[in-house]
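The primary structure of each chain is shown beneath.
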Amino acid sequence: MHLRLLIAFIFAGLVVSDAFAQDKSQPTVDELVAKNIEAKGGASALRGLGTLRVSGKMLVQEGQIQLSFMQVKKRPDDVRTEASLQGMTQIEAYDGKEGWKVSPFFGRRDPERMSADDVKALVEDAEIDGPLVDWQAKGNTVEYLGTEDVDGTPAHKLKVTRKNGDVSFVYLDPDHFLEIRVLTQRTRHGAYEEVETVEANVPVDDTIFEFPGQISLPQPQR
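Being a predicted model, the structure only gives us computed values, none of them experimental.

Asks: Quick question: what am I supposed to make of the pairing of strand S5 (residues 99-103) here?
Replies: Strand residues, when the strand is regular, have side chains that alternate between the two faces of the sheet. Counting buried residues along S5, five of its five residues qualify, which places the element largely inside the surrounding structure. Of the two faces of S5, the one lined by Gly 99, Lys 101 and Ser 103 and the one lined by Trp 100 and Val 102 are each fully buried. Judged from the four bridges that link them, strand S4 (residues 88-95) and S5 form a sheet pairing that is antiparallel. Paired with Ala 93 across the bridge in S5 is Trp 100. Where S4 folds back on S5, the antiparallel hairpin that results is connected by three residues, among which Gly 96 adopts a positive phi of roughly 95 degrees. In this sheet, strand S6 (residues 108-113) lies alongside S5 in antiparallel orientation, the contact comprising three bridges. Each residue of the ladder has a partner; that of Lys 101, found in S6, is Glu 112. Where S5 hands over to S6, the hairpin turn is made up of four residues, of which Gly 107 adopts a positive phi near 75 degrees.

Take a look at the structure:
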């Protein structure tokens, strides 16, 4: 009886030790964020970026529809987003003061000014630094969800919840700790955005963010 108890205690101790070792091997949120920022050249370098271009795809209706996605950002608060499908391009833009949109999928081909509620998402999108830099000061919460396969890569998965309730899942490459996928869910659209490539400090014409005057807008292909 005493031998069985001794064996049980030893086994329990081994299980606890193994679980503790596994927990110790798991990276923390602070470690992953620090490595991500370092891989991009540091916080100072990020703040020195003037423009940023993101391209990928937008998934709607739980992935049943995929649109080509492109977003251009310019400091301090400019952003323009384009989503294209079958020759039509949805545009949403913000120049730091007002937002406007073109909605051909809803039969509206002329630019319209956006409401304050709709502009909130664009203000968030205008961040060049992204949701991880200074996430605590921004009022975000970040959770580490372990690793998940992304096209054969066991990526570190971070869940970022913004103070307005929007959620982004950020996947970091395990070797370089750079984003290889970002999925964002917003209640406003009920859609996910998948980011695949990023280009920094590209030339950007300021007029693309402003409410259209004489600039030409993309026309549907016939």
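Asks: How should unusual backbone geometry be read in this particular structure?
Replies: Glycine aside, the phi torsion of most residues is negative, and most peptide linkages are trans. In this structure, the amide linkage connecting Arg 75 to the following residue, Pro 76, adopts the cis form with an omega of 5 degrees. The topology assignment puts Pro 76 in the loop between strand S2 (65-74) and strand S3 (78-85). Positive phi, normally seen in glycine, also occurs at Gln 86, with a value near 50 degrees. Mapping Gln 86 onto the fold places it in the loop between S3 and S4. For Gln 86, a relative accessible area of 71% puts it in the exposed group. Of note in the backbone geometry, Phe 177 takes a positive phi value of approximately 65 degrees without being a glycine. Residue position: Phe 177 is located in the loop between strand S9 (167-172) and strand S10 (179-186).

Asks: Explanation requested: helix H2 (residues 29-39) in the structure shown.
Replies: Residues separated by three or four positions in an α-helix point in the same direction, a consequence of the helix having 3.6 residues per turn. Turning to H2, its buried residues are Val 29, Leu 32, Val 33, Asn 36 and Ile 37. Buried residues of H2, viewed axially, fall in a sector of 130 degrees; they line one side. Counted as exposed and oriented over 90 degrees from the buried face of H2: Asp 30 and Glu 38.

Asks: What is the right way to look at the packing of aromatic side chains in this model?
Replies: When we look at a pair of aromatic rings, we describe it by the centre distance and by the angle of the planes. Scanning all chains against the criterion turns up one aromatic pair. Each ring, one from Trp 100 and one from Phe 211, has its centre 6.3 Å from the other, and the planes form 80 degrees; the classification is edge-to-face. Residue Trp 100 is located in strand S5, and its partner Phe 211 is located in the segment after strand S11 (191-200); the two are separated by 111 residues in the primary sequence. For Phe 211, a relative accessible area of 24% corresponds to the partly exposed category. If you follow Arg 113 out to its NZ or CZ, it ends over the ring of Phe 211, 4.0 Å from the centre. Of note, Lys 157 hangs over the ring of Phe 169, and the distance from its end group to the ring centre comes to 4.8 Å.

Analysis parameters
Residues numbered from 1 in each chain as written. Predicted model: local features only at pLDDT ≥ 70, side-chain atom pairs only at ≥ 80, totals over all residues. Heavy atoms only, no water. Buried < 20%, exposed > 50% of the residue type's maximum accessible area, 1.4 Å probe, protein only. Helix = DSSP H or I, 4+ residues; strand = E, 2+ residues; numbered from the N terminus. Pairing = 2+ DSSP bridges. Arc of directions from axis to C-beta. Phe/Tyr/Trp six-rings, centres within 6.5 Å; stacked < 30°, edge-to-face > 60°. Lys NZ or Arg CZ within 6 Å of the ring centre and 35° of its normal.

Worth remembering: the numbers are spatial, not functional.
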